[in-house]
Amino acid sequence: MSVAYWLFKSEPSVFSFADLMAAPDRRTSWDGVRNHQARNFLRDQIQVGDGILFYHSNADPPAIVGVARVTRAGHPDPTAFNPDDPHFDPKSDPARPTWYQVEIEGIVAIAPPLELPRLRKETRLEGMELLRKGSRLSVQPVSPEHFEVIMNLAGLDRHRLGLTG
DNA sequence: GCCAACGTTGGC
DNA sequence: GCCAACGTTGGC
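Residues numbered from 1 in each chain as written. Chains lettered and ligands numbered in written order. Predicted model: local features only at pLDDT ≥ 70, side-chain atom pairs only at ≥ 80, totals over all residues. Heavy atoms only, no water.

Q: Could you give an account of the protein's contact with DNA strand C, with specific residues and numbers?
A: The environment of DNA strand C is made up of Lys9, Tyr55, Ser57, Asn58, Pro62, Leu116, Arg120 and Arg136. With respect to DNA strand C, the side chain of Lys9 contributes an N or O atom lying 3.0 Å from a phosphate oxygen. Between DNA strand C and the protein, one listed contact pairs a phosphate oxygen with a side-chain N or O atom of Tyr55 at 2.6 Å. (Near = heavy atom within 4 Å. Polar contact = N/O pair within 3.5 Å; in protein donor to acceptor, adjacent residues only side chain to side chain.)

Q: An account of the packing of aromatic side chains is needed here, citing residue identities and associated values.
A: By convention here, two paired aromatic rings are described through the distance between centres and the angle between planes. Overall, the coordinates contain six aromatic pairs when judged by the stated rule. Ring geometry for Tyr5 versus Phe147: centroids 3.9 Å apart, planes at 15 degrees, classification stacked. In this pair, Tyr5 sits in strand S1 (residues 5-10) while Phe147 sits in helix H4 (residues 144-154), placing the two residues 142 residues apart along the sequence. Owing to a relative accessible area of 0%, Phe147 belongs among the buried residues under this scheme. Ring geometry for Trp6 versus Phe41: centroids 5.4 Å apart, planes at 55 degrees, classification tilted. Here Trp6 is found in strand S1, whereas its partner Phe41 is found in helix H2 (residues 36-45), with 35 residues between them in sequence. (Phe/Tyr/Trp six-rings, centres within 6.5 Å; stacked < 30°, edge-to-face > 60°. Helix = DSSP H or I, 4+ residues; strand = E, 2+ residues; numbered from the N terminus. Buried < 20%, exposed > 50% of the residue type's maximum accessible area, 1.4 Å probe, protein only.)

Q: Outline the pattern of salt bridges, listing residues and values.
A: The tally for this structure, following the rule as stated, stands at nine salt bridges. With a closest N to O distance of 2.7 Å, Arg43 and Asp44 form a salt bridge. Exposure remark for Arg43: the relative accessible area of 34% places this residue in the partly exposed category. Of the charged contacts in the structure, one is a salt bridge between Arg124 and Glu122, with a shortest N-O distance of 2.8 Å. Members of the salt-bridge network, linked through shared partners, are Arg27, Arg69, Glu103 and Glu105. (Salt bridge = Lys/Arg side-chain N within 4 Å of Asp/Glu carboxyl O.)

Honestly, that's just the spatial picture; any functional story needs more than this.
Written out as structure tokens, the structure is:
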């Protein structure tokens, strides 16, 4: 089984990596994504066992703060059908769901966090989507090479984390 | 708080 | 289908 890698952005004031680690089974449904490109990854590509870099956006400083794994592949996001939910989408039809979510499980915090300015200095990360000017994609693929560089910077071993390709 | 970059909406 | 207006993201 081959493992792919992803980066998920979250604003820590909304849902932080600490929130994930404090959740039951350290798991959460990654719901509320309302961008079609990100949705396509959630629906079509992200598989159980894939590795995730957890990134804090709108933080000071922005940083990669933890590692997680995928525990359930893409399935319809129920918040899209709930009129009381802030992510409700009246145009989404339960018979043909527009929006999808995956379930993820926190593995380990990255301490100290890998701050954005540090990442920008790392020439081996050139071309990484996160570092592209104007990049706003909240669910984005990470190449195995870039994932490995980040694991090294974090002092982590992806094999020991069960993220074995 | 500012604003560049980007996505979405809606008139035409 | 074009594109101006508008809203959001997210670094700084």
